[in-house]
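Residue-level listing of the chains:
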Number of protein chains: 2
Amino acid sequence: MFTMDSRLNNDTVKIASWPLCEVLLMNDAQYPWLILVPRVSEVTELFQLDKSQREQLDAESTILGKSLMGLFGGDKLNVAALGNVVSQLHIHHIVRYQTDPAWPAPVWGKLPGVPYTAQELELVIPQLAAITDYSW
Amino acid sequence: MFTMDSRLNNDTVKIASWPLCEVLLMNDAQYPWLILVPRVSEVTELFQLDKSQREQLDAESTILGKSLMGLFGGDKLNVAALGNVVSQLHIHHIVRYQTDPAWPAPVWGKLPGVPYTAQELELVIPQLAAITDYSW
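For every chain, the first residue of the written sequence is number 1, and numbering continues from 1 onward in sequence order. The naming scheme follows written order: chains are lettered A onward, ligands numbered 1 onward. The predicted nature of this model means local features are confined to residues of pLDDT at least 70 and side-chain atom pairs, given and counted, to a pLDDT of 80 or more, with totals for whole chains, interfaces and linings taken over all residues. Derived side-chain values reflect all non-hydrogen atoms in the structure, with water molecules and hydrogen atoms excluded from consideration.

(A) Up close: the interface of chain A and chain B. With 28 residues of chain A at the contact, the number on the chain B side is 28 residues. Surface buried jointly by chain A and chain B totals about 2,500 Å² across both partners, of which 57% is contributed by carbon and sulfur atoms. Should a side-chain nitrogen of Lys or Arg be within 4 Å of a carboxyl oxygen of Asp or Glu, the pair is scored as a salt bridge. Counting the contacts that link chain A with chain B gives 4 salt bridges. Of the charged contacts in the structure, one is a salt bridge between Asp-58 of chain B and Arg-54 of chain A, with a shortest N-O distance of 2.9 Å. Two N or O atoms form a polar contact when they lie within 3.5 Å of each other; inside protein one atom must be a possible hydrogen donor and the other a possible acceptor, and for residues adjacent in sequence the pair counts only when both atoms belong to side chains. Scanning the region where chain A abuts chain B turns up 20 residue pairs in polar contact (both at pLDDT 80 or more). Strands here are runs of E lasting at least two residues and helices are runs of H or I lasting at least four, both read from the DSSP assignment and numbered beginning at the N terminus. Contributing elements (two or more residues each) for the side of chain A that touches chain B: helix H2 (51-72) and strand S4 (76-81) of chain A. Looking at the side of chain A that touches chain B residue by residue, the classes come out as 14 nonpolar, 7 polar and 7 charged. The rule for pairing is simple: two strands pair if DSSP sees at least two bridges between them. In the sheet, S4 of chain A pairs with strand S4 (residues 76-81) of chain B via 3 bridges, with the strands oriented antiparallel. Contacts are assigned to residue pairs that have any heavy atoms within 4.5 Å of one another. Defined here as a combined quantity, buried area equals the accessible surface (1.4 Å probe) lost by two parts on assembly, summed across both. Under the convention adopted here, Pro, Cys and the residues Ala, Val, Leu, Ile, Met, Phe, Trp and Tyr are nonpolar, Asp, Glu, Lys and Arg are charged, and Gly plus all remaining residues are polar.

Structure, rendered in structure tokens:
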């Protein structure tokens, strides 16, 4: 029985449900930052997924990364499964710009988060809904 | 024609050549930290690999991650493709402990690197050679 970690829930806005993963927007307006969370209970490491789950995660991560870079035109995509704070397996996809406030450092713990305003969310959520409306 | 980035070359010790990737040990004794570098030229993003390359990378990353956690018994594995400084695609695999000097922060840019001594390398290289001696 899969339950989303409460911290992931609180820090994000749900964008889509894909075959394996929930697609979440991190509520930090400083970077386009999406998170894939496989709906698999008790998994903390990528290597704990079975082969078919890893294949599906690869497909979902590839489509998400390509679409995000297409939409936001960043300089680099950061993809990472860390989990030192929230151990439930989740994979960050962060569009980075040479002009963003943390560049070239990784974003985690670098700067306090800046939540989206309601107006900003009204703009970005439909854009993300459009690129994640994928026929699997 | 694949050429290893000079910074990756300088900061690491080569452990093995796998079917897709070079397996490198980051010369920082603070964490067991291995890097996979696909021998594919001009690739900076995971999604630029084709499907068969991504499948092989998944296999190599899974085996490396599982073996590292088996050998070093860490609390968490960090897996990440960042590339903000060195854009050539490379995937970090870092064994983390709740007692390591950067925990729970990510390791990048947190603390100056601590190169292995010659004696330490003589111990760790054969251990890593053993777990990466895999029949593909």
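(B) Expanded view of the relation of the copies chain A and chain B. By a simple turn and slide, chain A fits onto chain B: the slide is 0.0 Å along the axis, the RMSD is 0.0 Å, and the turn is 180 degrees. Expressed as an axis order, the relation between the two copies is that of a two-fold axis. Residue Ala-80 of chain A, judged by its C-alpha, is the member of chain A lying nearest the rotation axis, at 2.0 Å. Taken together, the interface assignments show that 100% of the residues at the interface of chain A recur at the interface of chain B, consistent with an identical surface on both copies. Here the copies are superposed with least squares, the fitted atoms being C-alpha atoms of residues at a pLDDT of at least 70 in both.

(C) Representation of the side chain of Glu-60 of chain B in the model. Residue and element names in this part refer to chain B. Tracing the sequence through the fold places Glu-60 in helix H2 (residues 51-72). Note on exposure labels: buried denotes an accessible area under 20% of the residue type's maximum, exposed denotes more than 50%, and partly exposed covers the range between, all computed with a 1.4 Å probe on protein chains only. None of His or the chain ends enter the tally, which takes Lys and Arg as positive and Asp and Glu as negative. For Glu-60, which is buried and forms no salt bridge, the nearest opposite charge comes from Arg-39, at a distance of 6.4 Å. Polar contacts involving the side chain of Glu-60 include one to the side chain of Gln-56, which spans 2.7 Å. What Glu-60 contacts, discounting residues up to four positions off in sequence, is Trp-18, Pro-19, Leu-20, Cys-21, Leu-36 and Trp-136.

(D) Representation of empty space enclosed by the protein. Buriedness for pockets is judged along seven lines, at least five of which must meet protein on both sides within 12 Å for an open set on the 1 Å grid over protein atoms alone, while cavities are sets there where a 1.4 Å probe fits but cannot get out, and lining residues have an atom within 4 Å of a point. Grid points are joined across faces, edges and corners, and a volume is the space filled by probe spheres set on the points. A complete count under the given rule lists 2 cavities of 30 Å³ or more for this structure. Around the largest cavity sit 30 residues that line it, and Leu-46, Asp-58 and Ser-61 of chain A together with Leu-46 and Asp-58 of chain B are the ones nearest its centre. Elements supplying a minimum of two residues to the lining of the largest cavity: H2, S4 and strand S5 (91-96) of chain A together with H2, S4 and strand S5 (91-96) of chain B. Residues of the lining of the largest cavity, tallied by class, amount to 17 nonpolar, 8 polar and 5 charged.

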